[in-house]
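# Commentary on secondary and tertiary structure
The lines below spell out each chain.
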Amino acid sequence: MPRGDRGFGLVAVLVLVALTSAALSVAAQSWADAARRDKEQQLLRVGALYVQALERYRRSSPGTDKRLPQELEELLLDQRFVGTVRHLRRLYPDPVGATGRWSVVRGEDGRIRGVQSLSEETPLIAGAVRRPGLLLQPAQRYSDWKFVVDSEK
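Our subject in this report is the structure included herewith. (Residues numbered from 1 in each chain as written. Predicted model: local features only at pLDDT ≥ 70, side-chain atom pairs only at ≥ 80, totals over all residues. Heavy atoms only, no water.)

A tally of regular secondary structure across the protein chain gives 1 helix and 5 strands. Its helices and strands in sequence order give the protein chain the pattern α-β-β-β-β-β, from N to C terminus. In terms of overall dimensions, the protein chain is more spread out than a globule: its C-alpha atoms have a radius of gyration of 25 Å, far above the 15 Å expected for 153 residues. Taken over the C-alpha atoms alone, the protein chain extends approximately 100 × 30 × 25 Å along its principal axes. Going through the 153 residues of the protein chain one by one, you find that 31% of them count as buried. Residue pairs in contact within the protein chain that sit at least 24 positions apart in sequence constitute 50% of those at least 6 positions apart. Counting only carbon and sulfur atoms, one obtains 56% of the accessible surface of the protein chain, whose full area is about 10200 Å². The average position of the 24 basic charges and that of the 18 acidic charges among the side chains of the protein chain differ by 4 Å. (Helix = DSSP H or I, 4+ residues; strand = E, 2+ residues; numbered from the N terminus. Rg over C-alpha atoms; globule rule 2.2 N^0.38 Å. Buried < 20%, exposed > 50% of the residue type's maximum accessible area, 1.4 Å probe, protein only. Contact = heavy atoms within 4.5 Å. Areas by Shrake-Rupley, 256 points an atom, 1.4 Å probe, with all protein chains shown as cover. Lys, Arg positive; Asp, Glu negative; His and termini not counted. Charge placed at Lys NZ, Arg CZ, Asp CG, Glu CD.)

As C-alpha cells, then:
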C-alpha cells in the first residue's frame, strides 16, 4: 500500500459518524417539538373538559340557585342528587406541569370557577386560543391560561 493512502478509511468513518450525529440531533429536536406540541394540545383539551364539567355542574344545580362546586372531587360524584351523577370520569392531571397538579381558580364566593396549569414554560401558540366554549388570551406562560366558566351565566 502506498504511503499516502493510509488513514483515509479512518477519516471516512469519522465523517460518517459526524454526519449521523448531526442527523440524529435534528431528528431528536423535531421529536421533542412534536411531543411538546402534543402536550400543549392535551392541556387545551383537558382544560376545556374541566370548563364543560363545571358548567354542567352549575347548570344541573337543583332550584334557582346555580352554584359551582367547592372541590374538584364534587365533579366526580355529585352528592346533590339521589342517583349517581358524574360530571367528569376522573380528575385529569395537568399534561404540561411537572407535578401534574392544577391550580384551582376560585370566585369571590370561594367556589371553584376553573383550573390553571402551574407550568412556567412558554406556550408554542403565540396568539389567542379560540375553541368551542373556550377563549384564552395570548400568554407568556402556560400558567397564564385560566380555564374558567363564564361568570355571566
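Formed by 26 residues in total, the largest nonpolar core has its most connected members in Leu-43, Tyr-50, Leu-75, Trp-102, Leu-136, Trp-145 and Phe-147. Secondary structure elements with two or more residues in this core: helix H1 (8-59), strand E2 (112-116) and strand E4 (134-136). With 9 residues, H1 is the largest single contributor of residues to this core. Leaving out residues up to four positions away in the same chain, Leu-136 has contacts with Leu-44, Ala-128, Val-129, Trp-145, Lys-146 and Phe-147. (Core = buried A, V, L, I, M, F, W, Y, C linked by side-chain atoms within 4.5 Å.)

A word on the layout of surface pockets. Roughly 220 Å³ of internal volume is contained in the largest pocket. Looking at the lining of the largest pocket, the elements that each hand over two or more residues are H1, E4 and strand E5 (146-148). When residues of the lining of the largest pocket are assigned to their parent elements, the largest contribution, 3 residues, is made by H1. Each residue belonging to the lining of the largest pocket can be placed in one class, and the counts come to 6 nonpolar, 2 polar and 5 charged. Its boundaries defined by the atoms lining it, the second largest pocket holds a volume of some 160 Å³. Along the walls of the second largest pocket sit Tyr-50, Glu-71, Leu-72, Glu-73, Leu-91, Tyr-92, Arg-101, Trp-102, Val-104 and Arg-106, which together make up its complete lining. (1 Å grid on protein atoms, 1.4 Å probe; cavity = no way out; pocket = protein on both sides within 12 Å on 5 of 7 lines; lining within 4 Å. Points joined across faces, edges and corners; volume = space filled by probe spheres on them. Nonpolar A, V, L, I, M, F, W, Y, C, P; charged D, E, K, R; others polar.)

In this section: the pattern of salt bridges. All told, the structure shown has 7 salt bridges when counted by the stated rule. One salt bridge connects Arg-36 with Glu-121, and the closest N-O pair in it is separated by 3.6 Å. Taken as a pair, Arg-36 in helix H1 and Glu-121 in the loop between E2 and strand E3 (129-131) lie far apart in primary sequence, 85 residues in all. The class of Arg-36 is partly exposed, set by a relative accessible area of 29%. Exposure remark for Glu-121: the relative accessible area of 40% places this residue in the partly exposed category. What you see here is one network of salt bridges that share partners, running through Glu-120, Arg-141 and Asp-144. (Salt bridge = Lys/Arg side-chain N within 4 Å of Asp/Glu carboxyl O.)

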